[in-house]
Amino acid sequence: MENLEKTDRRIRRTKKAIKEALIEVLKNKNVENVTIKELADKADITRATFYQYYRDPVDTLEQLQKEICADLQKIVEKTEGGDAAGFFALLFQYFYEDKTKADILSFSMQNQTGYEKLGQYIHNKYMLRWKDKYIDKSLKQYEYYRYYIVFGCIAVVENWVRDGMKETPEEMTEIAVSLLPKQKMYLK
């Protein structure tokens, strides 16, 4: 068992080194232009070690963003039922505890940032579930309303991160909740 734990720690350490190297390299170039050699050198690993975990830099970023979306899916599931304050509290705390996750979402892949992917996920999982409860004539308005709310909230998170997370997660939760409409719109 001790040997397995050592291996797990080594794997975690190696993946962390790759993640940190990727973040550093992506500050200056697009993921599509990053080479495996460049990442391996920056992470102080061999190319063979890199290939044990990832196919290429795009796959690395893709996997890291998917891991974050899986974590955020758990937050969405915990707060289903319209608990906006609970959702924001967990969301801001999640990024506050590990800023590298926020950094990973800021990078683009195929002209879409991880934040945009996150917005699509939250829109599809969290907002579309109420679609059948809305008045037919206002359905088109509700479609725009959904995007306005979701991507507005994502922009608040993104800007908070970009500005150095000066406010606490609690302060940001209060701000985000205050920006939401006071009543649910377009209900039947």
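Being a predicted model, the structure only gives us computed values, none of them experimental.

**Student:** Is there a simple way to explain a positive patch on the surface in this structure?
**Tutor:** A contiguous patch of positive charge on the surface is contributed by Arg9, Arg10, Arg12 and Arg13. Under the relative-accessibility criterion, Arg9 is labelled partly exposed at 39%.

**Student:** How should the packing of aromatic side chains be read in this particular structure?
**Tutor:** The description of two aromatic rings rests on the distance between their centres and on the angle between their planes. According to the stated counting rule, one finds 8 aromatic pairs in the structure shown. Note on Phe50 and Tyr51: the rings are 6.0 Å apart at their centroids and 80° apart in plane angle, and the pair reads as edge-to-face. With relative accessibility at 41%, the residue Tyr51 sits in the partly exposed group. Centre to centre, the rings of Tyr96 and Trp160 are 6.3 Å apart; their planes meet at 20°, and the pair counts as stacked. Here Tyr96, found in helix 5 (residues 84–97), pairs with Trp160, found in helix 8 (residues 139–162); they are 64 residues apart in sequence, far enough to count as distant. Put simply, the rings of Phe87, Phe88, Phe92, Tyr96 and Trp160 touch in pairs and so form one group of aromatic residues.

**Student:** I tried to follow helix 5 on my own but got confused; where do I start?
**Tutor:** In an α-helix, one turn spans 3.6 residues, which is why side chains three or four residues apart end up on the same side. Relative to the 20 Å expected for 14 residues at 1.5 Å per residue, helix 5 spans 20 Å between its end C-alpha atoms, a close match to the ideal helical length. Looking at helix 5, one finds that the buried residues are Gly86, Phe87, Phe88, Leu91, Phe92, Tyr94 and Phe95.

**Student:** Mind showing me how you'd approach a negative patch on the surface here?
**Tutor:** Where like charges cluster on the molecular surface, the negative patch consists of Asp163, Glu167, Glu170, Glu171 and Glu174. Inspection of the secondary structure puts Asp163 in the loop between helix 8 and helix 9 (169–179). For Asp163, a relative accessible area of 47% gives the class partly exposed.

**Student:** For this particular structure, what's the right way to read the packing of helix 4 (residues 57–78) against helix 5?
**Tutor:** Helix-helix packing is described using two parameters, namely the angle between the two axes and the distance between the axes. At a minimum axis distance of 9 Å, the contact between helix 4 and helix 5 shows a crossing angle of 155°. In terms of axis orientation, helix 4 runs roughly antiparallel to helix 5. Taken as a pair, helix 4 and helix 5 cross one another with a handedness that is right-handed. Mapping the contact onto sequence places Ile68, Asp71, Leu72, Ile75, Val76 and Lys78 in helix 4 and Phe87, Leu90, Leu91, Tyr94 and Phe95 in helix 5. Broken down by class, the residue content of the contact of helix 4 with helix 5 amounts to 9 nonpolar, no polar and 2 charged.

Conventions adopted
- Residues numbered from 1 in each chain as written.
- Predicted model: local features only at pLDDT ≥ 70, side-chain atom pairs only at ≥ 80, totals over all residues.
- Heavy atoms only, no water.
- Patch = residues over 30% accessible without salt bridge, like charges linked within 9 Å, V, L, I, M, F, W, Y side chains within 5 Å.
- Areas by Shrake-Rupley, 256 points an atom, 1.4 Å probe, with all protein chains shown as cover.
- Salt bridge = Lys/Arg side-chain N within 4 Å of Asp/Glu carboxyl O.
- Lys, Arg positive; Asp, Glu negative; His and termini not counted.
- Charge placed at Lys NZ, Arg CZ, Asp CG, Glu CD.
- Buried < 20%, exposed > 50% of the residue type's maximum accessible area, 1.4 Å probe, protein only.
- Phe/Tyr/Trp six-rings, centres within 6.5 Å; stacked < 30°, edge-to-face > 60°.
- Helix = DSSP H or I, 4+ residues; strand = E, 2+ residues; numbered from the N terminus.
- Expected span 1.5 Å × (residues − 1).
- Axes fitted to C-alpha atoms, helices over the stretch in contact; angles between N-to-C directions.
- Parallel < 35°, antiparallel > 145°, perpendicular 65-115°, else oblique.
- Left-handed = near helix turned anticlockwise from the far one by under 90°.
- Contact = heavy atoms within 4.5 Å.
- Nonpolar A, V, L, I, M, F, W, Y, C, P; charged D, E, K, R; others polar.

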